[in-house]
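# Coordinates in review
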Amino acid sequence: MTFTQLEYIVALDAHRHFAEAAAQCFITQPTLSMQVQKLEEELGMKIFDRSKQPVLPTEPGIEIIEQAKKILAERDVLSEMINAKKDLVKGELKIGIIPTLAPYLLPLFIPSFTKKHEQIKLLVNELTTNNIIANLRQGKIDAGILVTPINESGIKEDVLFYEEMLAYVSKNNAVYKKTYLLPKDIDPDQLLLLQEGHCFRSQMMQLCKLQKSKTHSHFEYEAGSFETLRRMVEMNDGITILPELATLDMTAAQKNHLRYFKAPVPVREVSIVTHRDYSKRRLIDEFKKEILLAVPDKLKKNKKVTVVPV
């Protein structure tokens, strides 16, 4: 029995498909199949039922796979401990990050992180909040960067910073003349939202106290990104809500469209999340340290006053 074989059965359980699991492990499908079969022969029992599509673990296979996950996690703990004794920070770090943070946060710290930590292989994927949680539970990623609180059992939340929420307003909109806004100043029929599935969409609706069906307007538009929302506001008589990071590289002309909310200012809470059994503590600590070094001081000084629920 080898660690590699245990990695293969965990991957096969995650994908339930030999070709996809083999691709994840960077091996051929016959090699994966042969190694899984060798492990089954050594154990004297079937781990997977190959007659099912997708491939499913057998009843004893479920327990074997869960134990394999624990063994692999303990292996990583041992590697971390040895590296710490040698004063080394190295290994592979798999991160999931939500799409409304990725384009604004990653460029701030990824270049410096990779330069400082050449022995850390960093793998980053954009995932929805639900997928980050699922992947953490399944051990597919080591940590996630998302908006909290999510209040999920077994998931540890480590707050990084609080990000102010701002209104982005068309020059044709009535609230353009205001300097500071209250959420009630926003006309729901003129509010442009992100698509379903984005946590920031639900925060926009919570902030403005909107129902699921928010409008009776003759025009409804839901975007996949903040950049699209911004362009739509500039071209039409509309309004949207943006997080602070999405406004940092705006031009002076674009900043003229920004309107701040009256105190207490609504914020979103950005955190690193890990599973309770996570093993790569030292790597994640270095990762967090680099994020905090790169994030503008203004965001780190924002207060947890009015955190808009997800």
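Higher on the page you've got the structure.
Now for a description of the structure that goes with this document. Being a predicted model, the structure only gives us computed values, none of them experimental.

### Regarding the overall build of the protein chain
In terms of regular secondary structure, the protein chain is built from 11 helices and 13 strands. For the protein chain, the spread of C-alpha atoms along the three principal axes comes to 75 × 45 × 30 Å. Evaluated residue by residue, the protein chain yields a buried proportion of 45% over its 310 residues. Within the protein chain, residue pairs in contact and separated by at least 24 positions form 75% of the contacts whose partners lie at least 6 positions apart. About 16,300 Å² of surface is accessible on the protein chain, with carbon and sulfur atoms providing 52% of the total. With 43 positive and 40 negative side-chain charges, the protein chain shows a spacing of 5 Å between the two charge centroids.

### Topic: the side chain of H257
Mapped onto the fold, H257 is located in the loop between helix 9 (252-255) and strand 11 (258-261). Excluding residues that lie within four positions of it along the chain, H257 makes contacts with A167, Y168, V169, S170, K171, Y176 and E234.

### Brief notes about the nonpolar core
Among the nonpolar cores identified, the biggest contains 67 residues, and L105, I145, I241, F287 and I291 are the most heavily contacted of them. With eight residues, strand 6 (residues 155-169) is the single largest residue contributor to this core. Once residues lying within four places of it in the same chain are set aside, the contact partners of I291 are L105, F109, I145, L160 and I272. V10, I65, A68 and L72 belong to the second largest nonpolar core, which has 19 residues in total.

### Things to note about the pattern of salt bridges
Between side chains of opposite charge, pairing is possible as soon as their charged atoms come close. Across all of its chains, the model carries 19 salt bridges by this definition. One salt bridge connects K298 with E164, and the closest N-O pair in it is separated by 2.9 Å. Separated by 134 residues along the polypeptide, K298 in helix 11 (residues 297-301) and E164 in strand 6 bring together distant segments of the chain. Overall, the relative accessible area of 9% leaves E164 in the buried class. Of the charged contacts in the structure, one is a salt bridge between K298 and E244, with a shortest N-O distance of 3.0 Å. Taken as a pair, K298 in helix 11 and E244 in the loop between strand 10 (239-243) and helix 9 lie far apart in primary sequence, 54 residues in all. Look at the salt bridges and you will find they share partners, linking E7, R75 and D76 into a network.

### Describing the layout of surface pockets
Any empty space left between atoms is shown by rolling a water-sized probe over those atoms. Its boundaries defined by the atoms lining it, the largest pocket holds a volume of some 1,400 Å³. Along its surface, the largest pocket is lined by 44 residues, and D76, K94, G139, K140 and D142 are the ones closest to its centre. Only helix 1 (3-15), helix 4 (59-85), strand 3 (91-97), strand 4 (120-126), helix 6 (129-138) and helix 10 (281-294) provide two or more residues apiece to the lining of the largest pocket. A total of 12 residues in the lining of the largest pocket trace back to one element, the largest contributor, which is helix 4. Looking at side-chain class alone, the lining of the largest pocket contains 15 nonpolar, 11 polar and 18 charged residues.

### Considerations on helix 5 (residues 102-116)
Every α-helix carries 3.6 residues per turn, so stepping three or four residues along brings you back to the same face. Spanning 15 residues, helix 5 covers 20 Å between terminal C-alpha atoms, matching the ideal 21 Å at 1.5 Å per step. Taken together, the buried positions of helix 5 are A102, Y104, L105, L106, F109 and F113. Lining the buried residues of helix 5 we find strand 3, strand 4, strand 5 (143-148), strand 6, helix 8 (226-235) and helix 10.

### Examining a nonpolar patch on the surface
On the surface, a cluster of nonpolar side chains totalling about 260 Å² of accessible area is made up of M1, L43 and M45. Overall, M1 belongs to the exposed group, its relative accessible area being 51%.

### What about unusual backbone geometry?
With an omega of 0°, the peptide bond between Q53 and P54 qualifies as cis. By the secondary structure assignment, P54 is in the loop between strand 1 (48-49) and strand 2 (56-57). In this chain, T148 is followed by P149 through a cis amide linkage whose omega measures 5°. Here P149 is to be found in the loop between strand 5 and strand 6. The phi angle at N151 is positive, at roughly 55°, despite the residue not being glycine.

### Notes on the packing of helix 5 against helix 10
Where helix 5 meets helix 10, the closest approach of the two axes is 9 Å, and the angle between their N-to-C directions is 125°. Relative to helix 10, the element helix 5 lies oblique. As helix 5 packs across helix 10, the resulting crossing turns out to be right-handed. Counted together, L105, L108, F109, S112, F113 and K116 of helix 5 and E286, F287, E290, I291, L293 and A294 of helix 10 form the full contact between these two elements. Considered class by class, the residues forming the contact of helix 5 with helix 10 number eight nonpolar, one polar and three charged.

### Digging into the side chain of Q5
Checked against the element boundaries, Q5 lands in helix 1. The exposure class assigned to Q5 is buried, which follows from its relative accessible area of 6%. When residues no more than four places from it in sequence are discounted, the contact partners of Q5 are Q35, K38 and L39.

Conventions adopted
Per chain, residues are indexed from 1 in the order of the written sequence. The predicted nature of this model means local features are confined to residues of pLDDT at least 70 and side-chain atom pairs, given and counted, to a pLDDT of 80 or more, with totals for whole chains, interfaces and linings taken over all residues. Side-chain metrics in this entry use all non-hydrogen atoms of the structure; hydrogen atoms and water are not considered. In this text, helices come from DSSP runs of H or I with a minimum length of four residues, and strands from runs of E with a minimum of two, each type numbered from the N-terminal end. Here the term buried applies to any residue with accessible area under 20% of the maximum for its type, exposed to any over 50%, and partly exposed to those in between, with areas from a 1.4 Å probe on protein chains only. Any pair of residues with heavy atoms lying within 4.5 Å of one another is described as a contacting pair. Here, Shrake-Rupley sampling with a 1.4 Å probe gives the accessible areas, and only protein chains in the shown set may cover a residue. Neither His nor the chain ends is counted toward charge; the positive residues are Lys and Arg and the negative residues Asp and Glu. Here the site of a charge means NZ on Lys, CZ on Arg, CG on Asp, or CD on Glu. By nonpolar core we mean a set of buried residues, namely Ala, Val, Leu, Ile, Met, Phe, Trp, Tyr and Cys, connected to one another through side-chain atoms within 4.5 Å. By salt bridge we mean one thing: a side-chain nitrogen of Lys or Arg within 4 Å of a carboxyl oxygen of Asp or Glu. Here a cavity denotes a set of grid points, spaced 1 Å apart and computed over the protein atoms alone, in which a 1.4 Å probe fits but from which it cannot get out, and a pocket denotes an open set meeting protein on both sides within 12 Å along at least five of seven lines; residues with an atom within 4 Å of a point are reported as lining. Grid points are joined across faces, edges and corners, and a volume is the space filled by probe spheres set on the points. Residues are sorted three ways: Asp, Glu, Lys and Arg are charged, Ala, Val, Leu, Ile, Met, Phe, Trp, Tyr, Cys and Pro are nonpolar, and all the rest, Gly among them, are polar. A helix is expected to reach a length of 1.5 Å times the quantity of its residues less one. Within the patch definition used here, like charges are joined within 9 Å and nonpolar side chains (Val, Leu, Ile, Met, Phe, Trp, Tyr) within 5 Å, considering only residues with over 30% relative accessible area and no salt bridge. For every element, the axis is a line fit to its C-alpha atoms; helices are fit only across the contacting stretch, and the angle between N-to-C directions ranges from 0 to 180 degrees. When an angle is under 35 degrees it counts as roughly parallel; over 145 it counts as roughly antiparallel; between 65 and 115 it counts as roughly perpendicular; any other value is oblique. Should the near helix be turned anticlockwise from the far one by less than a right angle, the crossing is termed left-handed; should it be turned clockwise, right-handed.

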